[in-house]
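# Observations on chain architecture
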Amino acid sequence: MKTVLITGAYRGLGLEVARQLTERGYRVILTARKHDAGQAAAAKLKNATFLELDITDAGSVARAAGQVSQLDVLINNAAIIAEGDADILHLPPELVLRTLATNTLGALRVAQAFLPHLLKSPAGRIVNVSSGGGQLSEMGTWAPAYCISKTALNAVTCQLAAALKPHGIAVNSVCPGWCRTEMGGPGAPRSVEEGTAGIVWLAADAPQEKTGLFWRDREVIPW
Ligand SMILES: NC(=O)c1ccc[n+]([C@@H]2O[C@H](COP(=O)([O-])OP(=O)(O)OC[C@H]3O[C@@H](n4cnc5c(N)ncnc54)[C@H](OP(=O)(O)O)[C@@H]3O)[C@@H](O)[C@H]2O)c1
């Protein structure tokens with residue numbers, strides 16, 4: 001039985017990915033920084049356990065990593081769009097820093113901490129949930145700090161993919177599309193199920209040799 005760890009998974013896309021992977025026989029480690037909400041979410045799934053994990057807190061990440069021994073798939077799902085992330089011309093640099101601390105460095109910190117466990121897997125995978133907002137080829141003015149953080153997350157994907165290729169660990173970015181979650185809002189065109197299909201595919205079904213790529217709906221998209 002394969003084990004998958006998902007960050008920020010008590011709601012939204014992360015929770016639906018957790019649900020689908022438990023249905024497919026994965027052992028799911030559902031993580032969240034909110035203890036009670038995370039525990040309640042995990043309790044509703046069969047074959048899921050809860051682990052408290054704040055991806056911005058090095059101590060929290062180290063504690064969580066210390067409670068895991070083997071891992072096949074890491075899904076870096078947790079992210080924020082900070083209040084006031086609106087206008088690049090007047091954006092406080094501190095807001096960019098805070099967004100990078102979660103969306104980019106949080107994912108990197110978690111990948112580093114759980115790497116020893118992933119290395120024990122015969123076919124380890126890291127899935128970084130990114131966003132089309134981070135595509136340099138499509139960059140506009142919407143949510144600048146968030147988009148910059150996702151561009152940088154994609155660079156983390158490329159660096160990790162190159163570094164981990166000799167170890168057989170696949171590292172990819174995926175965009176779920178604009179989905180009806182707390183982050184996406186009720187007016188988004190995609191359901192949570194539509195958004196998670198590509199994440200679950202990368203975690204479970206994509207050919208292992210596919211690494212260092214950016215995906216949406218099972219197709220490679222430009223950086
Ligand atoms: N929804 C969309 O339209 C869309 C589009 C493109 C990409 N994405 C990406 O998809 C992923 C999931 O988003 P979503 O739509 O499901 O959003 P969501 O419902 O807002 O979920 C985000 C999750 O991240 C958690 N989180 C934030 N900071 C954290 C931290 N420091 N430590 C641990 N958990 C933390 C949140 O928990 P708290 O309550 O503790 O903050 C929440 O559980 C994100 O990476 C997002 O950027 C979403």
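Placed above this text is the structure.
Below: a short report on this structure.

## Topic: the overall build of the protein
Across its full length, the protein carries 7 helices and 8 strands. Radius of gyration (C-alpha) of the protein: 16 Å, near the 17 Å computed for a compact globule of 223 residues. Taken along the three principal axes of its C-alpha coordinates, the protein extends 50 × 40 × 35 Å. Considering only intrachain contacts with a sequence separation of at least 6, the fraction spanning at least 24 residues in the protein is 66%. Carbon and sulfur atoms make up 56% of the accessible area of the protein, which amounts to about 10200 Å² in all. Across the protein, the mean location of the 21 positive side-chain charges is 6 Å away from that of the 19 negative side-chain charges.

## Looking at the site of the ligand
Taken together, 29 residues sit near the ligand, with Tyr10, Arg33, Lys34, Tyr146 and Thr181 positioned nearest. At 2.7 Å, a backbone N or O of Asn77 approaches an oxygen atom of the ligand. In this structure, Lys150 approaches the ligand through a side-chain N or O atom, which is 3.0 Å from an oxygen atom. Relative to its unbound accessible area of 880 Å², the ligand is 95% covered by the protein chains.

## Quick notes on helix α7 (residues 192-204)
Residue pairs three or four apart in sequence face the same way in an α-helix, which turns once every 3.6 residues. Its 13 residues give α7 an end-to-end C-alpha distance of 18 Å, which sits within 8% of 18 Å, the value for a rise of 1.5 Å per residue. Of all the bends found along α7, the most pronounced is centred on Gly198 and spans about 25°. Extensive coverage of α7 is indicated by the burial of 10 of its 13 residues. Of all the positions in α7, only Val192, Gly195, Thr196, Gly198, Ile199, Val200, Trp201, Leu202, Ala203 and Ala204 are classed as buried. Where the residues of α7 are buried, they touch α1 (12-23), β4 (73-76), β5 (125-129), β6 (170-174) and β7 (214-216).

## Concerning the side chain of Gln135
Along the chain, the position of Gln135 falls in the loop between β5 and α6 (144-164). According to the relative accessible area criterion, Gln135 is buried, its value standing at 5%.

## So, the pattern of salt bridges
This model, assessed by the stated rule, comprises 5 salt bridges. For Lys46, the salt bridge goes to Glu23, with nearest N and O atoms at 3.6 Å. Of this pair, Lys46 sits in the loop between α2 (35-43) and β3 (48-52) while Glu23 sits in helix α1, and the two are 23 residues apart along the sequence. A residue is classified by how much of its surface remains accessible, and Lys46, at 53% relative accessible area, is exposed. According to the relative accessible area criterion, Glu23 is exposed, its value standing at 52%. Of the charged contacts in the structure, one is a salt bridge between Asp217 and Arg190, with a shortest N-O distance of 2.5 Å. Remark: Arg190 occurs in the loop between β6 and α7 and Asp217 occurs in the loop between β7 and β8 (219-220); sequence separation between them is 27 residues. For Asp217, a relative accessible area of 41% puts it in the partly exposed group. On the basis of relative accessibility, which here comes to 19%, the residue Arg190 falls in the buried class.

## Description of a nonpolar patch on the surface
A contiguous nonpolar surface patch, about 300 Å² in accessible area, is contributed by Ile81, Trp142 and Met183. Owing to a relative accessible area of 40%, Met183 belongs among the partly exposed residues under this scheme.

## Observations regarding the packing of aromatic side chains
Inspection of every chain in the model, using the stated rule, returns 3 aromatic pairs. With a centroid separation of 5.6 Å and 75° between ring planes, the pair formed by Trp142 and Tyr146 is classed as edge-to-face. When the centroid spacing of 5.5 Å and the interplanar angle of 15° are considered together, the rings of Phe214 and Trp223 count as stacked. A relative accessible area of 1% places Phe214 in the buried class.

## Overview of α2
Among all positions of α2, only Gly38, Ala41 and Ala42 are buried. Projected onto a plane normal to the axis of α2, the buried residues spread over an arc of 95° and lie on a single side. Along α2, the residues that are exposed and aim more than 90 degrees away from the buried face are Asp36 and Ala43. Where α2 is buried, its residues touch α1, β2 (27-32) and β3.

Calculation notes
- Residues numbered from 1 in each chain as written.
- Predicted model: local features only at pLDDT ≥ 70, side-chain atom pairs only at ≥ 80, totals over all residues.
- Heavy atoms only, no water.
- Helix = DSSP H or I, 4+ residues; strand = E, 2+ residues; numbered from the N terminus.
- Rg over C-alpha atoms; globule rule 2.2 N^0.38 Å.
- Contact = heavy atoms within 4.5 Å.
- Areas by Shrake-Rupley, 256 points an atom, 1.4 Å probe, with all protein chains shown as cover.
- Lys, Arg positive; Asp, Glu negative; His and termini not counted.
- Charge placed at Lys NZ, Arg CZ, Asp CG, Glu CD.
- Near = heavy atom within 4 Å.
- Polar contact = N/O pair within 3.5 Å; in protein donor to acceptor, adjacent residues only side chain to side chain.
- Expected span 1.5 Å × (residues − 1).
- Bend = angle between axes of the 7 residues up to and from the residue.
- Buried < 20%, exposed > 50% of the residue type's maximum accessible area, 1.4 Å probe, protein only.
- Salt bridge = Lys/Arg side-chain N within 4 Å of Asp/Glu carboxyl O.
- Patch = residues over 30% accessible without salt bridge, like charges linked within 9 Å, V, L, I, M, F, W, Y side chains within 5 Å.
- Phe/Tyr/Trp six-rings, centres within 6.5 Å; stacked < 30°, edge-to-face > 60°.
- Arc of directions from axis to C-beta.

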